[in-house]
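# Coordinate analysis (summary)
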Amino acid sequence: MAAAIIRLLWLESIPLWWDEFVTLGRAKFALPDIWSSLSFQGPSDVALDSSPPLLHMILHMVLAAGGASETWVKLPSVVFGVLTVPALYALGSRLYGGRSGFFASALLAFSLYHVHYSREVRPYSLYLLFGVSSLWLLSRALGVNRTRDWVLFALAATAALYSSYLAGGSLIAQGLFLAGLAASRNMPRGRILPAALSLSGVLLAYLPWLPGHIFQMKLIYAPSSGMGLTGEFLWRALGEFTAGSTLFLACAGLGVLTGFRRNATGTVLMVCWLLLPAAMPLALHTAIAVNPRYLINFVPGLALLAGVCLDGLVEILSVKLPSRAAAFLGLVAVMGLSWPSLASLPDYYRRDRHSVRDDLLDIARDAANADTVAFFRNRHLKVFTRWYLPGVFKDLSRSGDLRYRRVLLLCNADFVPPGLGQPERHGDLAAYRLGLLNVSPLTASGTYRADFSTMSFYREAAFWDNAGPDLFQKSLSLYDPERPGRAVWRFVAPKEGFPDIVRLHCRLRLSHGPVSTPPDAKVSIVAGGSKESLSVLRTVTQADFTGDDLVMDLDIPRPGGTELAVGFFLDPGTIYGAIEPVSLALEFPGVSPVPAVTPEKLQQRVDLRTWVPGRTPAGHTPCYAFEPFAPALADFRSRYPKLAPVAELPGLLVFDPALADPWFDAPGGELAVSGKVGGLLVKGPMAGQIVTLGEAAVPLPLDAPPGSTLALSPGGQARLWTTLDYSGGPGTPFAQFNISQVPGQPCLTCANEDSCFMTYALISQAPVRAVRVSFTPEAYGEPGHEKFVRLSISTDGAHYRILESLTAKDSELWEGRHRHIAWIRLERPSERVYLRFELSDQRARLWSGPEYPLRIDAWLDPAVRMPLDLAAQPFTPRSDGKPVRGYLSPAPLPELDHLLAPH
Amino acid sequence: MDNIHDTTPASGVLSQVSREPARSGGPGWSCFPAACEDPKRPSHAGFSHPCAFSAGLAGSVLLAVALLACLSAARPTVLLAATPADLFAKGCRYLTGQGVPHDATQASRLFLEAAQAGEPQAQYQLGVMFSVGLGLPKDNLWGYFWLDRACSGSGLPEDALRLARARKDALLRELTPDQKRRLGIRE
């Protein structure tokens, strides 16, 4: 029970990390594909996953049964971790007696290291379950020599092998132990054959995976590198396994002696099981550095040995005590040994930091009318976005009907795509807002060039399915790398028709792993009179490459009709490695072009309107087309001086003002709203103003700090979120006293060595139901003095309750500076909520800014009716108080609360 | 809200406001420039208006009006905007819940603004509120500081002055040596 509770608490609070997505990335495949994909590291969103397929197959079924929530996918690991505890009890009881098993299982239940790996979507807890079970079943089989036990042992050992490559060392240890027993004639003759049969059965059962195993080992093999296992590393790892408890380690050491005295054979088995996997990193030459988790056998192993030691000590100390009292005494000792782990649990549960999940939440909240999301590479960010924002955005994986799309291009902050200006920053991510208006078919004139370093592909290609540019690799890559993809361009014939031969140049790149097994990916270059009648001009495979690049020149025979379609068919193959087009060029010499796309065609893809000077579009906003020297263009340019056109065609420029600024001002200029309203977002200082939108008056129901955004749904539900930034000082909170900014830092402290505080108020006609505050405090542990940062809440202004705090004392170090989250649901919704940050003095700090965002979220009861249809248009938005900015969402505002870390 | 600390209100804070009689014949409003300049006193870099208002007849008239406003909170009076006395009077209304919701945090915010502008009654109230943690974090140092400010001027009614001195003396006994050092108090 304790093991289950400890492993389940706040399971959803820490977001998944990349390695867990690696596991899930393969688990989502169909079952046969999981096998083939993992055995050859076949194409996947996620790269290397050096694990056999058992966990992936289990997770596949879990995903099919439940869905994609973080808690749900972590549950199998929790179950395996919890089951390992009774498995260790069984092993301990078998080898050293019931009380030893009880103490050992209690030590494992409280082990922080084991708790951690029981909460990760990685195979370690599954491996330990089968590893410990196989030891128990082996010892039982040796003892009772029943066929059933030998079969169960073989099954458990096979399952361990299919869980993790670490099981190889464990199985060798068990095999050597059995061989040693047989050689030293300590094994009765009747057991030799079943043991040999069991081990053979295990090896036979593993044979199907052997090619995959060999492939994986080759992939990581590096003859000149060792794994770096040193004595110092081993000592540090042992410290991690025991949460730094030297007493625990000493007990485990004594446990070896006690164990030898009680059951020498069993102890030899245990020691082999511990030491042989530990010796393997010494023998292996791989590019992977050793990690404590590769020695994870020590976690249950040390618990078992320490359990034996405790049992021995209890036996000595409690000669005259009844057995229950002795067991209780031992349990107290277990708690003592586990104390460092138990004491770390509160911090462990609350450990939290800024993650991609937070950035994606910000992006979704600020997306306004961007309806599609794209990625600079269709890899990590795509995986995160699919997981955290399912259904919030469309993607660019298919061309569909080529309708105009407002796109947020998401990049890592350190990647700058050319020509897209300044991005919107959301934590570690940068978002570029762009409009993609497809202008295919293209005019066959001169030389057409396509490279894949920009987003032009989406404007020019006529058709694509599961293919798009990888801006980082500058190549045409698969959107989902395990599926085939296509990309086709269309060209309209000039007046005199196409020339006899259209020359095509393209460059392709081969990427492959260090393994000799060649990738079986291929690319076909296709052409034809239309995208429906394409024939293969040439298929390129790995065999065509002499280096990493291949330049090809092909002649396309004169197409019969008025159109030429050219494209690439990409086949990902099944083995690690890819072939991707890097550039495409087509020469149409000596022809007189005809315009290929007309405003009428464009009108089918985008809502094109006539610009009315002085009117701001809002809601489901259209684009505007201008002739190059039209007077209206000058007016438009003066309104949006820096806005680039989304399409430049002969005699036609198309602009999308929503890309410049999807928000309108209230009070502001005349507003044109199209369609129904799904929600209203309001930004700016809120103090109960009434915003008038045509005939609809929307009273803002609250006073909120600057930096707040209020989201109103037609049903009246309201959400408020505020991001505070102290890089320019404390701003204007409701109240502040003795506060000052740390020079040059986005953080606040006290102005002197006396305390200070700052209070934020949410005063709302729509009662506040819940509040969540995410903040980053820091305090210096001064000898003899407590330094603190405290967050308190009050709903009556008089009585404050501490929600969350950081206190430092005596450490002589700056402590904290990691995220704290306080989330309170009010039993009685309140029209007043005060949030007060208290700081002890200038040795206490409260951080903000992109790296340490300080956020306040509030949930409000319905109080305001939002109009669904703003019929009276155009109109001039008004505010009877301070000016605000607004955004009218044509679609319902997305529900994003599941992205808030729930501490 | 559930489980909020049961912070005992200052004995007499709420009643004190309404019991204090309006002074006839106002004191000279000396504000607290001397206190501001006293190097032994804690610095107050967080204050935006240390000595915004000064002295005299106008001040005493305003004080009287402010106190009247406290007593006649049922019909709030529109006063000259943003004078310390206005702020104090408004703070009193929030503190006592007369015509507005009971709200010690609102009151403390107004008292802070008024006290920083030199309003002695507000300084006294702040001293009490800091010392008991009513609407403000409980902090003996800042409690003593504001009571000392209130006492050091001559704008406090006699009854309030007596109470302020008593509270100040009581607080002095609770101050740690370090707090005394920071307040510039020699033992």
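Residues numbered from 1 in each chain as written. Chains lettered and ligands numbered in written order. Predicted model: local features only at pLDDT ≥ 70, side-chain atom pairs only at ≥ 80, totals over all residues. Heavy atoms only, no water.

What follows covers unusual backbone geometry. Residues apart from glycine generally show negative phi values, whereas peptide bonds are mostly found in trans. Residue and element names in this part refer to chain A. Cis geometry is adopted by the peptide bond preceding P441, which originates at S440 and carries an omega value of 0°. Mapped onto the fold, P441 is located in the loop between β5 (429-436) and β6 (442-443). Each neighbour pair has its own omega, and for A666 with P667 the value is 5°, a cis peptide bond. Position of P667 among the secondary structure elements: in the loop between β23 (664-666) and β24 (670-674). Positive phi is not limited to glycine here, since E812 has a value of about 55°. (Helix = DSSP H or I, 4+ residues; strand = E, 2+ residues; numbered from the N terminus.)

Moving on, we come to the packing of aromatic side chains. All names here are of chain A. Tallying each qualifying case throughout the model produces 53 aromatic pairs over all chains. Measuring from centroid to centroid gives 6.3 Å for F241 and F298, while their planes differ by 10°, and the two rings are stacked. With F241 in helix α13 (residues 231-241) and F298 in helix α16 (residues 298-317), this residue pair connects regions lying 57 residues apart in the sequence. Here F241 matches F298 in class, with each residue buried. A network of ring pairs unites the aromatic residues F452, F457, Y458, W464, W489 and F568 as a single cluster. Note that K683 overlies the ring of W663, its terminal NZ or CZ placed 4.3 Å from the centroid. One Lys or Arg, R817, reaches over the ring of W847 and ends 4.0 Å from the middle of that ring. (Phe/Tyr/Trp six-rings, centres within 6.5 Å; stacked < 30°, edge-to-face > 60°. Buried < 20%, exposed > 50% of the residue type's maximum accessible area, 1.4 Å probe, protein only. Lys NZ or Arg CZ within 6 Å of the ring centre and 35° of its normal.)

As a further point, take the pairing of strand β39 (residues 820-839) of chain A. All names here are of chain A. Of all the 20 residues making up β39, 14 are buried; the element is thus mostly covered by neighbouring parts of the structure. Summarising the sheet, strand β35 (residues 756-780) and β39 pair through 15 bridges and their orientation is antiparallel. In the strand pairing of β39, T759 is matched with R836. The pairing of strand β36 (residues 787-794) with β39 spans six bridges and is classified as antiparallel. If you follow I793 over to β39, its bridge partner there is L835. (Pairing = 2+ DSSP bridges.)

All names here are of chain A. With the rule as written, the count across this model stands at 45 salt bridges over all chains. The closest approach of N and O atoms between E782 and K787, which form a salt bridge, is 3.9 Å. Across the pair E782 and R843 runs a salt bridge, and its minimum N-O distance is 3.3 Å. Highlighted residues: E782 in the loop between β35 and β36 and R843 in the loop between β39 and β40 (844-847), separated in sequence by 61 residues. (Salt bridge = Lys/Arg side-chain N within 4 Å of Asp/Glu carboxyl O.)

Let us look at the state of the cysteines. Residue and element names in this part refer to chain A. This model, assessed by the stated rule, comprises one disulfide over all chains. Disulfide pairing places C750 opposite C756 at an S-S distance of 2.0 Å. Across the disulfide from C750 to C756, rotation about the S-S bond amounts to roughly -75°, and the bridge is consequently left-handed. For the pair shown, C750 and C756 are each scored as buried. (Disulfide = S-S within 2.5 Å.)

This part covers the sheet that holds strand β21 (residues 647-649) of chain A. Residue and element names in this part refer to chain A. Reading across the sheet, the four strands line up as β18-β20-β22-β21 and stay open at both edges, with mixed pairing between neighbours. Either end of the sheet is taken by a strand with one partner, and the two such strands are β18 (608-609) and β21. Bridge analysis of β21 against strand β22 (residues 652-655) gives three bridges, and the strand direction is antiparallel. The partner of E648 across the bridge, within β22, is L653.

All names here are of chain A. A contiguous nonpolar patch, built from L313, I316, L317, L321 and L329 and spanning about 480 Å² of accessible area, is present on the exposed surface. Among the elements that line the nonpolar patch, the one with the most residues is α16, at three residues. Tracing the sequence through the fold places L317 in helix α16. Assessed through its relative accessible area of 66%, L317 is described here as exposed. (Patch = residues over 30% accessible without salt bridge, like charges linked within 9 Å, V, L, I, M, F, W, Y side chains within 5 Å. Areas by Shrake-Rupley, 256 points an atom, 1.4 Å probe, with all protein chains shown as cover.)

Time to look at the packing of helix α6 (residues 98-109) of chain A against α16 of chain A. All names here are of chain A. Taken N-terminus to C-terminus, the directions of α6 and α16 make an angle of 135°; their axes are 7 Å apart at the nearest point. By the criterion of interaxial angle, the relationship of α6 to α16 is oblique. Note on packing geometry: the crossing formed by α6 with α16 is right-handed. Residue-level inspection shows R99, S100, F103, A104, L107 and L108 of α6 in contact with α16, the latter providing V299, P300, A303, L304, A306, G307, V308, L310, D311, V314 and E315. Of the residues in the contact of α6 with α16, the class split is 12 nonpolar, two polar and three charged. (Axes fitted to C-alpha atoms, helices over the stretch in contact; angles between N-to-C directions. Parallel < 35°, antiparallel > 145°, perpendicular 65-115°, else oblique. Left-handed = near helix turned anticlockwise from the far one by under 90°. Contact = heavy atoms within 4.5 Å. Nonpolar A, V, L, I, M, F, W, Y, C, P; charged D, E, K, R; others polar.)

A word on the interface of chain B and chain A. Each side of the interface is counted separately: chain B has 34 residues, and chain A has 33 residues. Between chain B and chain A lies a buried interface of about 2600 Å² when both sides are counted; carbon and sulfur atoms form 53% of it. For R181 of chain B, the salt bridge goes to E753 of chain A, with nearest N and O atoms at 3.1 Å. If you look at where chain B meets chain A, you find 11 residue pairs in polar contact (both at pLDDT 80 or more). At the level of elements, α5 (104-116), α7 (140-152) and α9 (177-183) of chain B are the ones that each hand at least two residues to the side of chain B that touches chain A. At six residues, the largest contribution of residues to the side of chain B that touches chain A is made by α5 of chain B. Each residue belonging to the side of chain B that touches chain A can be placed in one class, and the counts come to 15 nonpolar, 12 polar and seven charged. (Buried area = accessible area lost by both parts, 1.4 Å probe. Polar contact = N/O pair within 3.5 Å; in protein donor to acceptor, adjacent residues only side chain to side chain.)

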